[in-house]
Amino acid sequence: MRHVLLTLFLLHSAWTLAQETGTLTGTVRDEYGATLPRASVSIVGTSTGVACDDQGRYTLTIPADTALLIRWSYSGMPPFEQTVRLAPGKIRSIDVRLSVTELGTAVIRGTQRDREEGLESLDPRVTRFAPSVQGGVEALLSGQLGVAMRNELSAGYNVRGGNFDENLVYVNDIEVYRPFLARAGQQEGLSFPNPDMIERIQFSPGGFEARYGDKMSSVLDITYKRPKKFAGSAMASLLGGAFHLENTMLGKRLRQVTGVRYRTNTLVLNGLDTKGQYRPVYTDAQTYWTYDLTDRLELGFLGLYSSNRYGVVPENRETEYGSFNQALRFTSYFEGQEVTRFETMFGALSASYQATKYTRLKFTASAFNTVESERFDVLSEYYLDELERDPNSSQYGEVKQNLGIGRSLKHARNALDATVVTFAHRGYHQGAHNYLQWGVDARSELINDQLSEWTVIDSADFSIPLNQGEDLELNYALKSKLRMESVRASAYLQNTWRWERANGKWYTLIAGARAQHWTYNGQTVASPRVRFTYHPGWKKVDAEGDTLDLDWSFWAAAGLYYQPPFYREVRNFQGELNPDIKAQRSIHYVLGMDRRFTIWQRPFKFTTEAYYKQLDDLIPYELDNVRIRYYGANLAKGYATGLDLKLNGEFIDGVESWVGASVMSIQEDLYNDSYTKRYNADGDLIVPGYTFDQVAVDSTVVKPGWIPRPTDQRVNVAFFFQDEMPNVPTLKVHLNVNFGTGVPFGPPSATRYADTLRTTLYRRVDIGFSKQLLGAKGQEKQGFLGSISNMWVSLEVFNLLNINNTITHTWIQSVDGRQYSVPDYLTPRRYNLKLIAWF
């Protein structure tokens, strides 16, 4: 009987308590709409409170029939407080937007959570004004820690010596890809992320958490918007246009954001050395829908269709290069054409379920398909001449002598079809003093690749290589038909602990591990990762007696980062697949710090990181423009080390800018590699095409040892600077500057030890001038213009200094074996006019 009475008493107490409380729910965001995971919602003056989940959502139970002061807060932002009174059993939704700490209109991004997780938050709105040929979110990465960009026609970027295939790119927790067959930046087209649809961008250059996938360099994590009201934008320029709409329906339970983009780079491509009829057409359409099926279950859909088509009928090319002492001119005439097509379809369904107040479960199913084709038949006739450089000569600047003449015929009929289907689950649990995350996924990959390409070279009426008999031996030939089908399964578990101490001191430890198994090679890899962050809470007293927070943070990160091969790493130069290939491995060691401070009453942040990466089981590769050609085997070990620095803030009142600098080195040593030096009777080293006596009487074996990887750019400096005209705040200037030392290159052969030449310096300045037409303070709008909240016109000048930057080299071989390298230059100075409107 005592047990029965106790049970009835407890049930009655629970029922009474339920009748005496109310429930407060909602989402916490910043003023730009980005959700604020783990924001705090509490009752002022009590210990009652909750932390938001990973999507910024919260549920707080409060006493009923009592006026309570509720505080919504997030590190680095002023809190918001509101008095709330709820009737018994009442459920009320309050969505809150917290202001970012700022002066004027500039934002110093990087919250406490970013510091803990090693992520840098970027503002996607800057994309619209940053002068960039590509026009994508990748333009924001220039100047970030460890990032190097050397090709304005490509969305590719290198991070701390890694190539683009070593970077993870996520959109709404789903990994996305770029075209497989692209040889040059102008073929890539539009990158996946649509800047108009983005809510949040986060970037990590290394030492990232276990919840991110298996790549060796960096993470770019992008989240699309969940609109709260009707809005849209439109952009038109000489390089294309874009349009997007976002709105809510069904009492804000159904939300959608849709964007369409069109781009053509004809204006820019017409400035290349190779003249011809360029026909680039890049289009895509994306849509993202979310629907609150219940208060605890949200359904989502993300869809994409992209068509990137590039065609060119080359006519002629003239390139002058060399030094003052030996100036050369390369002239070529073409027949034929080149056509590439990349069509991509992508779809993802997701379900996010709030299982309990502190636990959220997410399930995702996605499918990615790309159909790519590459077809070209191009005949070229070329001449390499030396120019007269004697100013006293009447032939100054004219051809002095011919160094080589020849023809080449290049043919290709390549086709690739790739399908990737993924099923994934992620979980999040907010504990009292920890934050637990976990995930599992299974991914099916099916790739069909048909290769058929060959090259014939004729130098001075002699085919290269020289042919014996009646058969024609091609200079290069590749013909194969490949199919690769496999399944990857992976899982991760990660926990975050945080300890608060007095006087603003806190510690954070993030530890986790992930594992992956790939059926193609049967390999299973495991990757433990850890990160520790310390905020000392240092303070000082200024001359006026005020106590100021010095706001320093320090961190250390280490981890094992495996990169199981994808299709391109598995295929070698001969068009064969290697089923015995293994995952590349990188061990990261990172030490870093940042400091937030104020200068001229404006906010700034300085960040620096030093790193060392130990590399094993590397798959060597060669770079040809943007195409990465892998050796298809684990043939090397290596290392990367460097120092990155970044300063961002309001150099000019009200406008944010940043500057970044990196010093690094990445080297590799191929296992058991060597080459032979041959000497003639005079003791001279025999160099084909140069040495008169080609008869070898002696030789030595040389082991190259450490050589630079193709992305070994020792120094890189980039900055993005914004200014506004004095007394005319509606007229702004945006300046983008990039400087980088040369990267290694060498003759086209499978001899990595020869790739130790260096390209010239990369120097580029892009500038934009923007004028606000509508939306300025105090400006009246009537009629149709009344629906436009903001409108700008922008004039952009690409490559302001008109510097010839080299992306790769064309190699010419004479019949005697001598090889000449001709630089392939990127785009010269070009102009673009752009009109942008928001409504």
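Residues numbered from 1 in each chain as written. Predicted model: local features only at pLDDT ≥ 70, side-chain atom pairs only at ≥ 80, totals over all residues. Heavy atoms only, no water.

Which parts of the structure should I look at to understand the overall build of the chain?
Of regular secondary structure, the chain possesses five helices and 51 strands. Scaling as 2.2 N^0.38, a compact globule of 839 residues should have a C-alpha radius of gyration of about 28 Å, and the chain matches this with 30 Å. Considering only C-alpha atoms, the chain reaches an extent of 110 × 65 × 55 Å along its principal axes. Expressed as a percentage of its 839 residues, the buried residues of the chain come to 54%. When contacts within the chain are restricted to residue pairs at least 6 apart in sequence, long-range pairs at least 24 apart make up 67% of them. Accessible surface for the chain amounts to roughly 36,600 Å². Of this, 57% is attributable to carbon and sulfur atoms. (Helix = DSSP H or I, 4+ residues; strand = E, 2+ residues; numbered from the N terminus. Rg over C-alpha atoms; globule rule 2.2 N^0.38 Å. Buried < 20%, exposed > 50% of the residue type's maximum accessible area, 1.4 Å probe, protein only. Contact = heavy atoms within 4.5 Å. Areas by Shrake-Rupley, 256 points an atom, 1.4 Å probe, with all protein chains shown as cover.)

I would appreciate a short explanation of the sheet that holds strand E14 (residues 167-171) in the present structure.
The pairing of strands in a sheet comes from backbone hydrogen bonds and takes either a parallel or an antiparallel form. If you walk across this open sheet you meet the five strands as E11-E16-E17-E14-E15, and the pairing is mixed. The two strands at the open ends of the sheet, each matched to only one other strand, are strand E11 (120-122) and strand E15 (174-175). Direction of pairing for E14 relative to strand E17 (residues 218-224): parallel, over a ladder of five bridges. Its bridge partner being in E17, Asn167 is matched across the sheet by Ser218. (Pairing = 2+ DSSP bridges.)

Help me out: how do you make sense of the pattern of salt bridges in this one?
A side chain with one charge may pair with a side chain of the opposite charge, provided their charged atoms come close. All chains considered together, the criterion is met by 51 salt bridges. Salt-bridge contacts for Asp123 lead to Arg125; the nearest nitrogen and oxygen are separated by 2.7 Å. The closest approach of N and O atoms between Arg529 and Asp214, which form a salt bridge, is 4.0 Å. With a gap of 315 residues between them, Arg529 in strand E30 (residues 523-535) and Asp214 in the loop between strand E16 (198-204) and E17 connect regions that are remote in the sequence. Asp214 matches Arg529 in its accessibility class, with the two residues each being buried. (Salt bridge = Lys/Arg side-chain N within 4 Å of Asp/Glu carboxyl O.)

Please clarify how the environment of Tyr157 should be interpreted in this entry.
Within the secondary structure, Tyr157 is located in the loop between strand E12 (147-148) and strand E13 (158-159). Along the chain, Tyr157 and Val733 lie 576 residues apart, while their C-alpha atoms are 25 Å from each other. Every residue in contact with Tyr157, bar those within four places of it in the chain, is listed here: Glu138, Leu141, Val147, Ala148, Met149, Asn163, Phe164, Asn167, Val169, Ser218 and Leu220.

What exactly am I supposed to notice about the confidence of the model for the chain here?
Looking at the chain, pLDDT values average 88 and 91% of them are 70 or higher. Predicted confidence is poor over residues 7-18, with pLDDT under 50, and the contacts of this stretch with residues over four places away or in other chains come to one contact. Contacts for the low-pLDDT stretch residues 101-110, under 50 throughout, to residues beyond four places or in other chains number 38 contacts. (pLDDT = per-residue confidence, 0-100.)

Mind showing me how you'd approach the packing of aromatic side chains here?
Two aromatic rings, taken as a pair, are described by how far apart their centres are and by the angle between their planes. Evaluation of the coordinates by the stated rule reveals 29 aromatic pairs. Ring centres 5.1 Å apart and planes at 20° place the aromatic pair Tyr507 and Tyr534 in the stacked group. Of this pair, Tyr507 sits in strand E29 (residues 506-518) while Tyr534 is found in strand E30, placing the two residues 27 residues apart along the sequence. Assessed through its relative accessible area of 24%, Tyr507 is described here as partly exposed. (Phe/Tyr/Trp six-rings, centres within 6.5 Å; stacked < 30°, edge-to-face > 60°.)

Would you mind showing me how to read the nonpolar core here?
One recurring pattern in soluble globular proteins is that nonpolar side chains are buried together. Tyr157 and Tyr224 are the most contacted members of the largest nonpolar core, which has 54 residues in total. In this view, Tyr224 contacts Val171, Asn172, Phe192, Pro193, Asn194, Met197, Ile198, Glu199, Gln286, Tyr288 and Leu302; residues no more than four positions away in its chain are not counted. Core analysis: the second largest hydrophobic core is formed by 20 residues, Leu24, Val50, Ile62 and Val96 among them. (Core = buried A, V, L, I, M, F, W, Y, C linked by side-chain atoms within 4.5 Å.)

Would you explain the side chain of Asp755 in this entry?
Within the fold, Asp755 resides in the loop between strand E45 (744-745) and strand E46 (757-758). Ignoring sequence-local partners within four residues, the contact set of Asp755 consists of Glu622, Pro744, Phe745, Gly746 and Pro747.

Would you mind showing me how to read the pairing of strand E44 (residues 728-740) here?
It is a general feature of regular strands that their side chains alternate between the two faces of the sheet. Inspection of the sheet shows strand E43 (residues 715-725) paired to E44 by ten bridges, in the antiparallel sense. Paired with Phe719 across the strands is Val737, a residue of E44. In this structure, the hairpin formed by E43 and E44 is closed by a connection of two residues, where Asn727 is found at a positive phi of approximately 65°. As judged from the ten bridges shared by E44 and strand E47 (residues 762-774), these two strands associate in the antiparallel manner. Bridge pairing links Leu731 to Lys771 in E47.

Hey, could you run me through the environment of Arg97 in this one?
With respect to the helices and strands, Arg97 occurs in strand E8 (residues 96-98). Distance from Arg97 to Thr27, taken between C-alpha atoms, is 8.5 Å for residues 70 residues apart in sequence.

So what exactly am I meant to see when it comes to the pairing of strand E34 (residues 584-599) here?
Of the pairings in the sheet, the one linking strand E33 (residues 552-563) to E34 comprises twelve bridges and is antiparallel in character. Pairing of Ser553 across the sheet is with Asp594, part of E34. With 15 bridges connecting them, E34 and strand E35 (residues 602-618) associate as antiparallel partners. Residue Arg595 lies in a different strand from E35, and its bridge partner there is Phe606. Here E34 folds back onto E35, and the loop between the two strands holds two residues, one of which, Trp600, carries a positive phi near 55°.

What should I look at first to understand unusual backbone geometry in this one?
Most of the time, phi is negative for any residue but glycine, and the peptide bond is trans. One non-glycine residue, Arg160, lies in the positive phi region at around 50°. With respect to the secondary-structure elements, Arg160 resides in the loop between E13 and E14. Of note, Leu250 is a non-glycine position whose phi angle comes to about 55°, a positive value. We classify Leu250 as exposed; its relative accessible area is 58%.

So what exactly am I meant to see when it comes to the environment of Leu379 here?
Counting through the fold element by element, Leu379 comes out in strand E24 (residues 359-387). Sequence-wise, Leu379 and Val456 are 77 residues apart; in three dimensions their C-alpha atoms are separated by 9.4 Å. Those residues in contact with Leu379, other than ones at most four positions away along the chain, are Tyr333, Phe334, Glu335, Ser408 and Leu409.

What should I look at first to understand the side chain of Ser480 in this one?
Tracing the backbone shows Ser480 in strand E28 (residues 476-500). At 3.3 Å, the side chain of Ser480 forms a polar contact with the backbone oxygen of Gly575. Setting aside residues no more than four positions away along its own chain, Ser480 makes contact with Asp449, Gln450, Leu451 and Gly575. (Polar contact = N/O pair within 3.5 Å; in protein donor to acceptor, adjacent residues only side chain to side chain.)

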